[in-house]
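# What the coordinates show
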Amino acid sequence: MTVKKPTYYITTPIYYPSSNLHIGHTYCTVMADAMARFKRLSGYDVMFLTGTDEHGQKIQEKAKEKNVTPKAYVDDIVSGIKDLWSTMEISYDHFIRTTDDYHIDRVQKIFMKMYEKGDIYKSEYEGLYCTPCESFWTENQLEKGCCPDCGRGVNKAKEEAYFFRLSNYQDKLLDLLENNKEFLQPDSRRNEMISFIKQGLEDLCISRSTFDWGIPVPIDEKHVIYVWLDALSNYITALGYPDAMSDYNKFWPADIHLVGKEIVRFHSIIWPAMLMSIEEPLPKKVLGHGWLLIDGGKMSKSKGNVVDPVFLIERYGVDALKYFLLREYSFGQDGIFTNEIMLKRMNYDLSNDLGNLVSRTVSMIEKYNDGIVPKSYGEDEFDKSLKEIAITAGKNVEKEMDNFTFNVALEEIWILVRRANKYIDEKMPWILAKDESKKKELDTCLHNLSEAIRIISILIYPFMHNTSAKIRTQMGLIDEKIDWKDAFSFDMLGEIKVKKGDAIFPRLDIDKELEELEAIKEANMKAASEKENQNNELELKPEIEFEDFEKIDLRVGKIIKAEKHPKADKLLVFQVEMGSEVRQIISGVAKDFTPEEMLGKSIVVVANLKPIKLRGLESKGMIIFADNGERLEIVETCAESGNPVA
Ligand code: MSP
């Protein structure tokens, strides 16, 4: 009789194929991979899903810029993403593309279920739209007048659209987040979401008609389904929902959705509401991880400081990179990437601690016992302490993996690695070897070290399976099946033959490496800034007619009062005299100017811009500033206030 294994379903976000993925994106996938491997090794039937989120206006625009069809554009990038996962040896079980026919068909079926439930209605949407994020926002949701997710500017947009009655689910969602603490972690994100819901959930606009690169709304082909509704559905369409239910019945609800912090809202509010609408179970847990930052901010292609995982893998190997990502950063918090931190981790932990332990042990077994792992005889206090740490490490790793604290799980393993190294120094086998009467003590020492290394080779497998295999090859264990349970017992090894191989992690000359990496980084940044400068000359907005330009009324204004916005740190509120009129204009320039600096300046104003409210105060017009790359500069004039600028 075969025993049915417990199942485990883990997902990563599906990535936008809008450019090549950087090390920040790989962080989430590396965590999911380690967890999937850990669960498989400890006896679970695992489904590990990843994929690409390929629809939406942004992709359509990028394809247009390149003069190719959206499908040709995404095909190319998706194949690069698949190559990256293969280079990184990511053990996903299924790769979903939202352009796959089965997904398109199933998303339409999901839409219809929500529609038939009475949760979708047609209306008109007027809002503030962030094109890069493909999100509509209300004024209250904006941060300093900009998109709260990406910080970029938003435009007013109005369209006929279909809406999802998200507001109907407000109470149930609040109950979920308040009373099921496990549903969303870490707590800081859960609290953010609770206050977001408490501000009141508005119905969600779930269709677009201003572009067509998306899944058609089944009841109205003029509209395409909102990318987030399309993308979130991937977690169940990949399992066959709603028409080929065997994997769905087996794996749903998901055990874990791993997501970055900025998309927690979609996963812990919109996604559960969609599932409530189609009356399907909710995922067991959403985990929001932090971001990898560089130079104090986001990695950016235009700055040229994007860290390329393939480059690092070619130089240091895939296991070293995975180890660094999993060991260095704490789940849930942002972390800083620097070459120095990475190189130190690789050298100290991998080359010094782990590499040395294996090479010293194998060399000593070859030297003192003809390459055969000896038997053990008896136990002194050092042996006892090593054994105890070795057989309890697995339990500690399990506990940490349950909390997704990969860094602590690895630290638990390294407690054993360092203990074993210390054991060598305590036992001093080279001294024992000089005295024939100490042969049994020497044998015991080498045996215990081999056992500790065998256990380490199992414990590190989920994180660094290649290194595990290299160690097991040197220890003569490669033909034996790896089994997690074997990490809990000592004294399993027979008299097997070891064989010294190459250093598993060659030592790095940190100063030299650092110099080279920093030089490469600087060159990349220089090239990016040159490219950016060239692009600035060339990449203009589309041409406009003179009549369009004539619609803009530019006037000279004089700032007669300037103060900080009471509710927004980035905004300054100006009273601007224009001829006989005084009007209020708000600008997002508090970072670059104090109110005192602006007082009395004669500036250029877009005077006929429709007034808007920014954080509760009206702004009538816009002051023109020049961007010098680092900060804004005032565009001053000495003409009379109220005069036209032509
Ligand atoms: N397509 C959506 C997800 C839809 S899931 C139904 C998306 N794609 S993304 O490509 O922009 O981002 C994918 C993931 O990469 C997100 O979880 C995001 O947090 C993560 N990261 C992007 N840059 C990152 C870092 N610098 N550091 C860590 N994770 C980062 O959002």
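Located above this text is the structure these notes cover.
Bear in mind that the values here come from a model prediction, so they are computed numbers and not experimental data.

Here the focus is the sheet that holds strand β10 (residues 216-217). Here 3 strands make up an open sheet; going across it, the order is β9-β11-β10 and the pairing antiparallel. Unpaired on one side and paired on the other, β9 (207-208) and β10 mark the two borders of the sheet. The pairing of β9 with strand β11 (residues 220-225) spans 2 bridges and is antiparallel. Each bridged residue has a counterpart across the sheet, and for Ser 207 the counterpart in β11 is Ile 225.

So, about the pattern of salt bridges. In this structure the tally under the stated criterion is 50 salt bridges. The closest approach of N and O atoms between Lys 422 and Glu 426, which form a salt bridge, is 3.7 Å. Linking Lys 422 with Glu 426, this pair stays in helix α15 (residues 406-427), spanning 4 residues, or about one helical turn. With relative accessibility at 23%, the residue Glu 426 sits in the partly exposed group. Across the pair Glu 451 and Arg 454 runs a salt bridge, and its minimum N-O distance is 2.8 Å. Placement of the pair is Glu 451 and Arg 454 together in helix α17 (residues 439-459), with a separation of 3 residues, close to one helical turn. In this structure, Glu 451 and Arg 454 share a single accessibility class: buried.

Moving on: the site of the ligand. Contacts to the ligand come from 22 residues, most closely from Ile 14, Asp 53, Gly 260, Glu 262 and Leu 292. The separation between a nitrogen atom of the ligand and a polar main-chain atom of Gly 24 is 3.2 Å. Put simply, the parts of the chain that give the shell around the ligand at least two residues each are β1 (7-15), α1 (23-41), α7 (227-232), α8 (234-237) and β12 (256-260). Partitioned by chemical class, the residues of the shell around the ligand number 12 nonpolar, 8 polar and 2 charged.

Here we come to the sheet that holds β1. Taking strand neighbours across the sheet as the criterion, the 6 strands line up as β3-β2-β1-β12-β13-β7 in an open arrangement whose pairing is parallel. Strands at the two margins of the open sheet, each flanked by one partner only, are β3 (94-97) and β7 (184-185). Bridge analysis of β7 against strand β13 (residues 286-289) gives 2 bridges, and the strand direction is parallel. Its bridge partner lying in β13, Leu 184 is registered against Val 286. Taken strand by strand, helix α3 (residues 70-87) contacts β1, β2 (45-52) and β3, and its axis lies near 160 degrees from that of β3.

Our focus in this paragraph is the environment of Glu 221. Examined against the element boundaries, Glu 221 turns out to sit in strand β11. Along the primary structure Glu 221 and Ser 209 are separated by 12 residues, whereas in three dimensions their C-alpha atoms are 9.2 Å apart.

This part is about the side chain of Asn 347. Here Asn 347 is to be found in helix α13 (residues 339-369). Note on Asn 347: relative accessible area 0%, which makes it buried. Excluding its chain neighbours within four sequence positions, the residues that come into contact with Asn 347 are Asn 352, Arg 507, Leu 508 and Ile 510.

Its 22 residues give α15 an end-to-end C-alpha distance of 32 Å, which sits within 8% of 32 Å, the value for a rise of 1.5 Å per residue. Where α15 ends, the next residue or the one after it, Met 428, has phi of about 45 degrees, a positive value.

Turning next to a negative patch on the surface. A surface patch of like charges, here negative, comprises Glu 543, Glu 545, Glu 547 and Glu 550. With relative accessibility at 84%, the residue Glu 543 sits in the exposed group.

A word on the packing of aromatic side chains. Inspection of every chain in the model, using the stated rule, returns 24 aromatic pairs. Their ring planes at 70 degrees and their centres at 6.1 Å tell us that Trp 252 and Trp 271 sit as a pair that is edge-to-face. With Trp 252 in the loop between α9 (246-251) and β12 and Trp 271 in helix α10 (residues 264-277), the pair connects residues that are 19 residues apart, well separated along the chain. The exposure classification of Trp 252 matches that of Trp 271, with both residues buried.

It is worth spelling out the packing of helix α12 (residues 318-328) against helix α18 (residues 465-474) at this point. Direction vectors running N to C along α12 and α18 enclose 120 degrees, while the axes themselves pass 8 Å from each other. What the angle tells us is that α12 and α18 run oblique. In this structure, α12 uses Val 318, Asp 319 and Lys 322 to contact α18, whose residues at the interface are His 465, Asn 466 and Thr 467. Split into classes, the residues belonging to the contact of α12 with α18 amount to 1 nonpolar, 3 polar and 2 charged.

It is worth spelling out the pairing of strand β6 (residues 155-164) at this point. Pairing of strand β4 (residues 120-130) with β6 involves 10 bridges; the strand directions are antiparallel. Residue pairing in the sheet places Tyr 121 in a bridge with Phe 163 of β6. Alignment of β6 against strand β8 (residues 204-205), held across 2 bridges, turns out to be antiparallel. If you follow Phe 163 over to β8, its bridge partner there is Cys 205.

Conventions we followed
- Residues numbered from 1 in each chain as written.
- Predicted model: local features only at pLDDT ≥ 70, side-chain atom pairs only at ≥ 80, totals over all residues.
- Heavy atoms only, no water.
- Pairing = 2+ DSSP bridges.
- Helix = DSSP H or I, 4+ residues; strand = E, 2+ residues; numbered from the N terminus.
- Salt bridge = Lys/Arg side-chain N within 4 Å of Asp/Glu carboxyl O.
- Buried < 20%, exposed > 50% of the residue type's maximum accessible area, 1.4 Å probe, protein only.
- Near = heavy atom within 4 Å.
- Polar contact = N/O pair within 3.5 Å; in protein donor to acceptor, adjacent residues only side chain to side chain.
- Nonpolar A, V, L, I, M, F, W, Y, C, P; charged D, E, K, R; others polar.
- Contact = heavy atoms within 4.5 Å.
- Axes fitted to C-alpha atoms, helices over the stretch in contact; angles between N-to-C directions.
- Expected span 1.5 Å × (residues − 1).
- Patch = residues over 30% accessible without salt bridge, like charges linked within 9 Å, V, L, I, M, F, W, Y side chains within 5 Å.
- Areas by Shrake-Rupley, 256 points an atom, 1.4 Å probe, with all protein chains shown as cover.
- Lys, Arg positive; Asp, Glu negative; His and termini not counted.
- Charge placed at Lys NZ, Arg CZ, Asp CG, Glu CD.
- Phe/Tyr/Trp six-rings, centres within 6.5 Å; stacked < 30°, edge-to-face > 60°.
- Parallel < 35°, antiparallel > 145°, perpendicular 65-115°, else oblique.

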